[in-house]
Amino acid sequence: MILKRILLCAAITVLALIGVSTAIPAQQPAAAYDLLIKHGLVYDGSLAPPSKMDVAVSGGRIVKVAKSIPGTAGRVIEADGLIVTPGFIDLHTHVDDGMYFPENRACLNYLTQGVTTVVVGQCGSSAWPIFEKAEDLIGTWTKEGIGPNAAVLVGHGTVRNIVLGMENRDPTPDELEKMKALVKEAMDQGASGLSTGLIYLPGSYAKTPEVIELAKVVAPYGGIYHTHIRNERNNLLKAVGEAIEISEKAGLPAHISHFKVMGKANWGLVKDACDVIEAARSRGLTITADQYPYRFTNGYPYSRLIPRATWIGREAADRLTAGDVTKIFDHLGDGELIELYKKVTPFYPLSPRQVEFLNGLPRKRLVDFVASDLFELSDFQGPQNMRERRLFLKRLADPDEGRKIRQEVRAAIDNALGPENYVVGISVEKNLEGKTLKEVAALKGKSVEDAAIELELMDAKCIPFQMCEPDIEYIMKKDWVGTGSDGTAPSYGIGLTHIRSYTTFLRKIKNYVLDKPVISMSHAVRSQTSWPAQIMKWDDRGWIKEGCKADIVVLNPAALKTPSSISNSHQYSQGVDYLLVNGRLEIDQKKWNGVLAGQVLKLKKS
Ligand SMILES: [Zn+2]
């Protein structure tokens, strides 16, 4: 099209120069666009009310937004009755785990939610340098293509693990320099900032000054600090305070991931935390957050309704520690241990770089590394462990022991969330799915503790609802909060995954705008478009505005559905009729067309 226009212009110019009278029409030739979206109700990313507009796209950008755009286009999309918004930006995802595998690079579970950009490398864990360098990851994605755009963060936990392993101590000055060099390397290669997971090993071993020193490396690049804060329970305020301190002392914006508070006793604390954040913001600091709209955190491995010590007996529980697991390895050589490790890490085939890393570990650290993974796995076997199960049933049948077990189970449930806040996710008795423990007890005419024991013995998966709805709504209304799913790019249909991986963005619109108007549509759209773009310092994304990159969602609100459920999580959301990433259609008439138009968004050095 462009070439045609150039030739036409050139021809007219030549004819004019040689003085030949040309019959130039009174009207300018109609503009030609790559794509034209007509008559859609446009939410432009601001808080302004929507208006019916046409949107023209050429060369990957939005070139015109107007009441009516005449002219031809390579493709015209009739959007009458549909909503047009900027592409959604997910501030917090773990899709880089799944995207290790080429077949997951489209991130269809996100495209179908209208997501056109994801931020990965979260919670202190980046896909490099253990597995690959940042530039390897970015290079592979750029060459082979990805569904949504992606920005990558360098993970503090990953960096610490490389330099200090799983050791619980401060780095020496020399080690700190090594960590800083790794962060710098990632920033030079295109990372957008630093992430921490101060609740996970080994991130939790780091004290605040260590994080400040690493964040200082990121600041001159104009990078950002994303953090899974140290505590999301009773010490929420202190943990938020730490994020603010890091922002202030390192001189960079701090962004709090999946902002929430867990545990019934702590519900409501988010209000105080919001006050602390707002006080910091009014002092001129850039503190922001993201949120997912769910009452539960992990989709699995679910909560055990019977405490471990009650299940295997107090004595046995006191005896078995991670140290015991470590001892089992004493007779294995280093090579055998690494072979074993390969078997217990189901998520990644080990890269040569990681094997090299493991081979370089001193014996003790290698053993700890493997033992911590194995111990975690063994702890979730529960009822499937037949020996434990037989012993438990024997103790349960004993009048005294049985009474004690029931008391302990009931106390654990009451002390944690209460029977009304555990929900059956998966059960062989399908009618129990979606019901609370309290409802199951009533249905079966049993005590709460007996219902809990029965559910556990049938290996039902119960999900603790750690967060409360009023807190979710309170956070959602804040104008400094964006959306972040915390989801993954799972292999479709395999295993179980949190429904947030499939539903976050459309659920927010469906549940909190359409079904129950907690926030306005403009507020919801802004929280997942222009606001995240501003947080990430992207000035040409997140808006339906001339000159911006053409990341666009065309949504049918009447057809919006989020069928993914706890027991059947691998179900794509519905309602996105068209999705453009960098001006190219990826979802066309509700179907993915195989296009991978996403780009890796590197930080422009400031
Ligand atoms: Zn996290």
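Criteria and thresholds
Residues numbered from 1 in each chain as written. Predicted model: local features only at pLDDT ≥ 70, side-chain atom pairs only at ≥ 80, totals over all residues. Heavy atoms only, no water. Pairing = 2+ DSSP bridges. Helix = DSSP H or I, 4+ residues; strand = E, 2+ residues; numbered from the N terminus. Axes fitted to C-alpha atoms, helices over the stretch in contact; angles between N-to-C directions. Buried < 20%, exposed > 50% of the residue type's maximum accessible area, 1.4 Å probe, protein only. Salt bridge = Lys/Arg side-chain N within 4 Å of Asp/Glu carboxyl O. Arc of directions from axis to C-beta. Contact = heavy atoms within 4.5 Å. pLDDT = per-residue confidence, 0-100. Core = buried A, V, L, I, M, F, W, Y, C linked by side-chain atoms within 4.5 Å. Phe/Tyr/Trp six-rings, centres within 6.5 Å; stacked < 30°, edge-to-face > 60°.

## So, the pairing of strand β3 (residues 61–66)
- Note that strand β2 (residues 51–58) and β3 share five bridges and pair antiparallel. In the sheet register, Val 57 faces β3, and the bridge partner there is Ile 62.
- Remark: two residues form the turn of the hairpin made by β2 and β3, two consecutive strands paired antiparallel; Gly 59 in that turn has positive phi of roughly 55°.

## A word on the sheet that holds strand β7 (residues 115–120)
- Read across the open sheet, the eight strands follow the order β6-β7-β8-β9-β10-β11-β12-β15; overall the sheet is parallel. In this open sheet, the two strands that pair with only one neighbour each are β6 (88–90) and β15 (481–483). Between one strand axis and the next, the sheet turns through 25° on average, direction left out of account.
- By the bridge criterion, four bridges tie β7 to strand β8 (residues 149–155) in an arrangement that is parallel. Counted as the bridge partner of Val 120 is Val 152 from β8.

## Topic: helix α5 (residues 156–164)
- Where burial is concerned, most of α5 is hidden: eight out of the nine residues are buried.
- Taken as a whole, α5 has its buried residues at His 156, Gly 157, Thr 158, Val 159, Arg 160, Asn 161, Val 163 and Leu 164.
- Just downstream of α5, Gly 165 is the residue with a positive phi angle, here 65°.

## Observations regarding the pattern of salt bridges
- Within the structure shown, the criterion is met by 37 salt bridges.
- A salt bridge links Arg 169 to Glu 175; the shortest N-O distance between them is 2.8 Å.
- Overall, Arg 169 belongs to the partly exposed group, its relative accessible area being 29%.
- Here Asp 515 ties to Lys 510 by a salt bridge, and the two come within 3.0 Å at their closest N and O atoms.
- Counted as one network, the salt bridges with shared partners bring together Glu 177, Lys 180, Glu 213 and Lys 216.

## Thoughts on helix α18 (residues 437–444)
- The set of residues buried in α18 consists of Leu 437, Val 440 and Ala 441. Projected onto a plane normal to the axis of α18, the buried residues spread over an arc of 100° and lie on a single side. In α18, the exposed residues that point more than 90 degrees away from the buried face are Ala 442 and Leu 443.
- Considering only its buried residues, α18 is in contact with α17 (399–416), β13 (422–426) and α19 (448–457).
- Just past α18, the residue Gly 445 takes up positive phi, approximately 60°.

## Considerations on the confidence of the model for the protein
- Residue-level pLDDT values for the protein average 88, and 87% of them are 70 or greater.
- With pLDDT under 50 throughout, residues 1–24 is counted as low confidence; its partners more than four residues away or in other chains account for five contacts.

## Examining the nonpolar core
- Ranked by size, the top nonpolar core spans 62 residues in total, and within it Val 183, Val 240, Ile 256 and Phe 259 carry the most contacts.
- If one sorts the elements of this core by residue count, helix α8 (residues 236–250) sits on top with seven residues.
- Core analysis: the second largest hydrophobic core is formed by 40 residues, Phe 88, Met 476, Val 518 and Ala 597 among them.

## Quick notes on the packing of aromatic side chains
- Following the criterion strictly, the structure yields eight aromatic pairs and no others.
- Relative to Tyr 572, the ring of Tyr 492 lies with its centre 4.8 Å away and its plane at 10°, an arrangement referred to as stacked. Here Tyr 492 is found in the loop between β15 and α21 (500–515), whereas its partner Tyr 572 is found in the loop between β16 (552–555) and β17 (576–581), with 80 residues between them in sequence.
- Take Tyr 572: its relative accessible area is 25%, and that puts it in the partly exposed class.
- Measuring from ring centre to ring centre gives 5.6 Å for Tyr 502 and Tyr 572, while their planes differ by 55°; the resulting arrangement is tilted. With Tyr 502 in helix α21 and Tyr 572 in the loop between β16 and β17, the pair connects residues that are 70 residues apart, well separated along the chain.

## Looking at the environment of Thr 93
- For Thr 93, the position within the fold is in the loop between β6 and α2 (95–98).
- Taking the relative accessible area as the measure of exposure, Thr 93 reaches 0% and is therefore buried.
- Along the primary structure Thr 93 and Gln 122 are separated by 29 residues, whereas in three dimensions their C-alpha atoms are 6.9 Å apart.
- Those residues in contact with Thr 93 that lie beyond four places of it in its chain are Tyr 110, Val 118, Val 119, Val 120, Gly 121, Gln 122, Ser 485, Asp 486 and Gly 487.

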